[in-house]
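# Descriptive analysis of the structure
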Amino acid sequence: MAELIPSQVFRTYVRRNALYALQWTQGPLPPDRLSLVFQALDFALSMEETWPQARALLLALAPPMSQKAYHTQWLAMLEQGLEQARTLGDEEAVMLLSWYAGEWYRHLTQYPQAQEHLTRALDLASLRDDRFWKAKAANRLASLAYYQGRFQEAERLIRLAQQNLAEEELEEQGYACAVLGGVRFTQRQWQGAYRYLRCALDRWNQTARPRLRAQGLMNLAPVTRRLGRVEEAAHYLEEAIATLEAEGPSILLGVAHMHLGVLLDDDADRPEEALQHHRRAEALFRRFRDSRHLAMATTNLGRAYFNLARWSQAIETMEQAMAAWEAQGDPVRKLRAQAVLIAALAKTGELSRAQQLLQRGYEDISRLSSPQREVLADVFSQVEARMGED
């Protein structure tokens, strides 16, 4: 009888476990199953001999993980996979995993890390003459430049992406249009923004991918709102919600509900409907443990209660929102929530506490940089003026 060597037995177990986990990635990944997949990946990443299985699992998990909020554990595994790929000289894996890690950091607004990873992905794609991944990396770097207000750089990177995209690569063609639409939107060029964002939706409609269609519809809503077509904007968001609900619960569905709630609150004067959408968004973000979006939803929910004159609920919810933004390290959004809290306290006659929060707010605002300081100072002065009228 052949002698069993423990290390060989363990490696065989790890390989088989990773192969089972790989099959699971083809279907739904509820938390209990995802936990087992992560466990299999963790074992596979622990040895050089099981790198092929770890690599396959990482690349299979990366697309569905973009809709989940397990970013701490997932990012740690991506980074571990990247380190192993570098050690083993797996250049293609370094390129791909750098792109996925950069995407995650970009969504988390950790821009320096996103820039580092996406630049590495672009450099490797260029070195390998991989036109498709070169275009994908250029597209995401363009998005990053757009978020940071570097519009000329964003347009240069989009041109680079478009030069490397085949006509049939509709998803990335649409992404390039979407970034250009975002640039025009920020520049307040509404017609140009609409044209590019319509281009993105047209491309994504041809992919037969419901999530992309929903994203395209959601992108169109803000610009049609600016063009004064509020009902059209609401229709886009309602259509996006219907599309995403057919796909099942997701963070993106929560975002669609959140945007529609804001639209109904601010432009359509339908506060009760808005409240229902804010509650739905909050429940989805809580389910997926997406703390940043949950902070946004809590803030919007507090505003909805304020608009309905439900003062005690507005106060309680805005206190929660302030704590959430404190935990997120976002003083600007915390102060915006604080302004609503002050106004709600004034409505209930709690003027002493409102004045204390107002004074503390002015002190915090003085420590901000321009133009945030000026904008928030104006918000607080408006709240203070209304306090005297109540």
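Placed above this text is the structure.
Okay, so let's go over this structure. No experiment lies behind these values; they were computed from the predicted model shown. (Residues numbered from 1 in each chain as written. Predicted model: local features only at pLDDT ≥ 70, side-chain atom pairs only at ≥ 80, totals over all residues. Heavy atoms only, no water.)

## Re the nonpolar core
Nonpolar side chains in soluble globular proteins generally cluster together in the buried interior. Formed by 68 residues in total, the largest nonpolar core has its most connected members in Leu 41, Trp 51, Leu 58, Leu 61, Trp 74 and Leu 78. Looking at which element gives the most residues to this core, the answer is helix H5 (residues 91–107), with 10 residues. Beyond its immediate chain neighbours, meaning those up to four positions away, Leu 61 contacts Thr 25, Leu 29, Leu 34, Val 37, Phe 38, Leu 41 and Trp 74. Ranked by size, the runner-up nonpolar core spans 38 residues in total, among them Phe 285, Ala 295, Met 296 and Trp 325. (Core = buried A, V, L, I, M, F, W, Y, C linked by side-chain atoms within 4.5 Å. Buried < 20%, exposed > 50% of the residue type's maximum accessible area, 1.4 Å probe, protein only. Helix = DSSP H or I, 4+ residues; strand = E, 2+ residues; numbered from the N terminus. Contact = heavy atoms within 4.5 Å.)

## A closer look at helix H12 (residues 230–247)
Here H12 spans 26 Å end to end across 18 residues, near enough to the 26 Å set by a 1.5 Å rise per residue. Directly beyond the C-terminal end of H12, a positive phi value near 105 degrees is found at Gly 248. (Expected span 1.5 Å × (residues − 1).)

## A closer look at the packing of helix H9 (residues 170–186) against helix H11 (residues 210–226)
Running from N to C, H9 and H11 cross one another at 20 degrees; their axes reach a closest spacing of 12 Å. By the angle between their directions, the pair H9 and H11 is classed as roughly parallel. As for the relative orientation of H9 and H11, their crossing is left-handed in sense. Together, Glu 171, Ala 178 and Phe 185 of H9 and Leu 212, Asn 219, Pro 222, Val 223 and Arg 226 of H11 make up the contact between the two elements. Its residues assigned to classes, the contact of H9 with H11 shows five nonpolar, one polar and two charged. (Axes fitted to C-alpha atoms, helices over the stretch in contact; angles between N-to-C directions. Parallel < 35°, antiparallel > 145°, perpendicular 65-115°, else oblique. Left-handed = near helix turned anticlockwise from the far one by under 90°. Nonpolar A, V, L, I, M, F, W, Y, C, P; charged D, E, K, R; others polar.)

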